[in-house]
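Observations on the model geometry
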Protein chains: 2
Amino acid sequence: MGEFRVLEVKQSVFADNDKRADEVRSVLKEKKVFLLNLMSSPGSGKTTTLTRTIEKLKDELRIGVMEADIDSDVDAKTISDLGVKAIQLHTGGMCHLDADMTMQGLEGLETGDVDLAILENVGNLVCPAEFDTGAVKNAMILSVPEGHDKPLKYPLMFSICDVVLINKIDVLPYFDFDMEACKKYIFMRNPNAKIIPISARTGEGVEEWTNWLKEQVLEWQK
Amino acid sequence: MGEFRVLEVKQSVFADNDKRADEVRSVLKEKKVFLLNLMSSPGSGKTTTLTRTIEKLKDELRIGVMEADIDSDVDAKTISDLGVKAIQLHTGGMCHLDADMTMQGLEGLETGDVDLAILENVGNLVCPAEFDTGAVKNAMILSVPEGHDKPLKYPLMFSICDVVLINKIDVLPYFDFDMEACKKYIFMRNPNAKIIPISARTGEGVEEWTNWLKEQVLEWQK
C-alpha cells in the first residue's frame, strides 16, 4: 500500500441558522403543515421519486412542492404538470437552502391549504447537510450507480437524514453495488436511519416509502 | 401544463479568489507543472477515471494527485496504491477548494518533480464551479445514470469546463440517456467544450482522453 499525507485545509463557516429553523418548525406545527426536505446528488432521481410520491399520495394529502435550483425551471414544470402546487426557488448560485430561504419559499407557496410541503433541495451532498431548513424530517436519495461507499465520503448528509431511499435498484445487476455494505455504512453514520430500497422508474418499494411518509405527516398534524 | 411561480431567493457571496488563482498559475508555469482540476457529482466515477488515467500516463509523465474530501481517506489510498504521489486534502466541511487551499495542497504535495498534478475536487456540481482553483484546465465528469439534462441544471459547471467526460457509457442500454441531447446542452453552455464519452470501467474512450490531457501538459511545459 502506498504512502500519503493528510493535510487539513480549512476555512471558517458561519452560524445562527438553527434558531431560524426552529421558528420555521413552530410556524409549520401551528399551521399543521409537514415539511420534508429531500436531498441528493445531482441525477439520483429526486424529481422522478417525487413524481411517484405525488401520484401515490395526492388523493390523500394536499401537497405543495418547492423546487430549489440554481437555474432552470424544468423540475417545477414536471411537478406542476401532476396537478399539485409547485414553486421554483432560484437560489442565485447558492448551493443549498437555509431556514430563512425555506421560509421565503413556504410563504411563496402559500401553505394554508397544504398538508405536506416538500422541498426538493439543490442537488448536492455537501452544503444542504449543513443547514437546517426547518423541515420536520430530512430525506435523502442515494442511487445505485453512485456506489455503496458514499456514506463514508459524505458523512454529515447521512447522519442528519431520517430516511435514506436507495434508488435505481432496477439497475443493480449492472453495477458493483453492495447493498449490505451500504446499509452498514449508513447505520455507522446514523443508527436510527430508515432505509428503503426503491426504483422510482418501476415503482418497486415506493409504497413502503409513501406509507412511511404519510404516517409522519399524520403524526405531525395530531 | 400546470402553473407555477418563480421566486428568487438570494444571499450574498464573496470574491477576490481570482487574483490568487492567477498567482497559482504563475507558480505552476514557472515550475512547469500542469494542474488539472477534476470535478463531478458524487459517484460519477472520478476516482476510477483517475485510476485509468494514471495507468495510461504514469510511464510518460510524473504524476501527483490531490484528493479533496470532506472526510475519509479512501481515494488517496486507492491512488497511492498505483504508485504515484498522492495527498488527501480534508476541507473541514467545505464544499469546494479555492485557489489558496489548492496552493496549500500543491505545497503539501511537493510538486518539484511533477509534470501533471491532478486535483480531485469535492464531489459537487455547484460550489467548485464558483472558485477558480488556479488550475490550467478544468475537467468534469458527467455519468450516464445522472441524466442528459444536467447541463441545463448546473450551467456554471458546464460553462467553465474545458473538457467533459461522459462516463459509464457501458450502461447506456439501461438508462434513458440521450447522448445527442446531452452534447447539445453542453455546447449551449460552452461551445468550445471538448466532449469525450468514456467507460472508466471497460476502458472505452479513455485513450482519447489521455491523449488530449498529455497534449495539454506538453503544451503548458513548452
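Here the structure is shown first, and the text comes after it.
The sections below set out a description of the structure shown in this document. Each residue is numbered by its place in its chain's sequence as written, counting from 1. Going through the entries in the order they are written, you letter the chains from A and number the ligands from 1. With pLDDT at 70 or above as the cut-off, local features in this predicted model cover only qualifying residues; side-chain atom pairs require 80 or more to be listed or tallied, and sums for whole chains, interfaces and linings still use all residues. To obtain the side-chain values, all non-hydrogen atoms of the structure were included, while hydrogens and water were left out.

1. Quick word on the overall build of chain A
Which entries qualify depends on this criterion: Helical segments are the DSSP runs of H or I of at least four residues, strand segments are the runs of E of at least two, and each set is numbered from the N terminus. Here the globule rule is a power law, 2.2 Å times the number of residues to the power 0.38, and the radius of gyration is based on C-alpha atoms. Throughout this description, buried means an accessible area under 20% of the type-specific maximum (1.4 Å probe, protein chains only), exposed means over 50%, and partly exposed covers the range between. In this description, contact between two residues means that some pair of their heavy atoms is separated by no more than 4.5 Å.
Looking only at helices and strands, chain A features nine helices and eight strands. On C-alpha atoms alone, chain A measures out to a radius of gyration of 17 Å, which is about the 17 Å that the 2.2 N^0.38 rule sets for 222 residues. On the principal axes, the C-alpha backbone points of chain A span a range of 60 × 45 × 35 Å. Counting only residues that meet the buried cut, chain A has 61% of its 222 residues in that class. In chain A, 73% of the contacts between residues at least 6 apart in sequence involve partners at least 24 apart.

2. Comments concerning the packing of aromatic side chains
Spelled out, the test is: Put simply, two rings from Phe, Tyr or Trp (the six-membered ring, in Trp's case) pair if the centres are within 6.5 Å, and we call them stacked under 30 degrees between planes, edge-to-face over 60, tilted for the rest. Two conditions define a charge sitting above a ring: the NZ of Lys or the CZ of Arg must be within 6 Å of the ring centre, and it must be within 35 degrees of the ring normal.
Applying the stated criterion across every chain, the model contains four aromatic pairs over all chains. Between Y174 of chain A and Y174 of chain B, the ring centres sit 3.4 Å apart and the planes meet at 5°, which makes this aromatic pair stacked. Of the two residues, Y174 of chain A sits in the loop between β7 (163-167) and α8 (179-189) while Y174 of chain B sits in the loop between β7 (163-167) and α8 (179-189), which places them in two different chains. For Y174 of chain A, a relative accessible area of 30% translates into the label partly exposed. Residues W209 of chain B and W212 of chain B carry aromatic rings whose centres are separated by 5.9 Å and whose planes lie at 20° to one another, so their mutual orientation is stacked. In this pair, W209 of chain B and W212 of chain B are both assigned in helix α9 (residues 206-221), three residues apart and thus about one turn of the helix distant. Summarising the burial analysis for this pair, W209 of chain B and W212 of chain B share the class buried. Positioned above the aromatic ring of F175 of chain B is the side chain of R201 of chain A, whose terminal nitrogen or guanidinium carbon lies 6.0 Å from the ring centre.

3. Focus on the side chain of N17 of chain A
Residue and element names in this part refer to chain A. Test applied: Side-chain atoms alone can form a polar contact between residues adjacent in sequence; in general such a contact is a pair of N or O atoms within 3.5 Å, and within protein one must be able to donate a hydrogen while the other accepts it.
Within the fold, N17 resides in helix α1 (residues 17-31). We classify N17 as buried; its relative accessible area is 13%. Looking at N17, its side chain comes within polar contact range of the main-chain oxygen of D132, at 2.7 Å.

4. Digging into empty space enclosed by the protein
Selection rule: Buried and open spaces are told apart on a 1 Å grid over the protein atoms alone, a cavity being a set of points where a 1.4 Å probe fits but cannot get out and a pocket being an open set with protein on both sides within 12 Å along at least five of seven lines. Residues with an atom within 4 Å of a point are the lining residues. Grid points are joined across faces, edges and corners, and a volume is the space filled by probe spheres set on the points.
This structure, assessed with the given rule, holds one cavity of 30 Å³ or more. Estimates place the volume of the largest cavity at around 50 Å³. What lines the largest cavity is simply S41, P42, G43, S143, P145 and E146 of chain A together with P42, G43, S143, P145, E146 and K168 of chain B.

5. Structural notes on helix α9 (residues 206-221) of chain A
Residues and elements named next belong to chain A. The condition is simple: Residue count minus one, scaled by 1.5 Å, sets the expected span of a helix. In this context, the arc is that of the directions from the helix axis out to the C-beta atoms.
Taking 1.5 Å of rise per residue, the 16 residues of α9 would be expected to cover 22 Å, and the 23 Å separating its terminal C-alpha atoms lies within 8% of that figure. Where α9 is concerned, the buried positions are V206, W209, T210, W212, L213, Q216, V217, W220 and Q221. Along the axis of α9, the buried residues cluster in a sector spanning 165°; they form a single face.

6. Describing the pattern of salt bridges
Formally: In what follows, salt bridge is the name for a side-chain nitrogen of Lys or Arg lying within 4 Å of a carboxyl oxygen of Asp or Glu.
Evaluated as defined, the whole model comprises 32 salt bridges over all chains. Of the charged contacts in the structure, one is a salt bridge between D69 of chain A and K153 of chain B, with a shortest N-O distance of 4.0 Å. Here K153 of chain B lies in helix α6 (residues 150-153) and D69 of chain A lies in strand β3 (residues 63-69), a pairing that spans two chains. The two residues D69 of chain A and K153 of chain B agree in class, both being buried. Ionic pairing is found between K222 of chain A and E219 of chain A, a salt bridge with its closest N-O pair at 3.2 Å. K222 of chain A gets classed as exposed once you look at its relative accessible area, which sits at 73%. By relative accessible area, which is 48% here, E219 of chain A ends up partly exposed.

7. Brief notes about the packing of helix α2 (residues 46-57) of chain B against α9 of chain B
What describes two packed helices is the angle between their axes and the distance between those same axes. All names here are of chain B. Basically, it comes down to this: A fitted line through C-alpha atoms serves as each axis, taken over the contacting stretch for helices, and the angle formed by two N-to-C directions is quoted from 0 to 180°. Roughly parallel refers to an angle under 35 degrees, roughly antiparallel to one over 145, roughly perpendicular to one between 65 and 115, and oblique to any angle outside these ranges. Put simply, a crossing is left-handed when the front helix is turned counterclockwise from the back one by less than a right angle, and right-handed when it is turned clockwise. Amino acids outside the nonpolar list (Ala, Val, Leu, Ile, Met, Phe, Trp, Tyr, Cys, Pro) and the charged list (Asp, Glu, Lys, Arg) are all regarded as polar, and Gly is one of them.
At their nearest, the axes of α2 and α9 sit 10 Å apart, and the two run at 65° to each other. The angle between α2 and α9 places the two elements in the roughly perpendicular class. With respect to the hand of their crossing, α2 and α9 are arranged in right-handed fashion. Residues T49, R52, T53, K56 and L57 of α2 form the contact with α9, whose own contacting residues are V206, E207, W209, T210, L213 and K214. Each residue belonging to the contact of α2 with α9 can be placed in one class, and the counts come to four nonpolar, three polar and four charged.

8. A closer look at the pairing of β7 of chain A
Residue and element names in this part refer to chain A. Put simply, the rule is: Pairing between strands requires that DSSP locate at least two bridges from one strand to the other. Look down the strands so they point away from you; if the path from the first strand over the helix to the second goes clockwise, the crossover is right-handed.
Within β7, five of the five residues are buried, which leaves the element mostly enclosed by the surrounding structure. A two-sided burial pattern is seen for β7, the buried positions comprising V163, L165 and N167 on one face and V164 and I166 on the other. Pairing analysis gives five bridges linking strand β6 (residues 137-143) to β7, with the strands arranged parallel. Paired with M140 across the two strands is V164, which belongs to β7. Two strands pair when backbone bridges link them, and β7 and strand β8 (residues 194-197) are joined in this way by four bridges, in the parallel orientation. When the bridges of β8 are listed, L165 appears paired with I196. In terms of handedness, the path from β7 via α8 over to β8 forms a crossover that is right-handed.

9. Quick look at unusual backbone geometry
Residue and element names in this part refer to chain B. Despite not being glycine, E110 has its phi angle at roughly 55°, a positive value. Its place among the elements puts E110 in the loop between α4 (99-109) and β5 (116-120). Take E110: its relative accessible area is 53%, and that puts it in the exposed class. In this structure, K168 takes a positive phi of about 65° despite not being glycine. Accessibility expressed as a relative area gives 12% for K168, which makes it buried.

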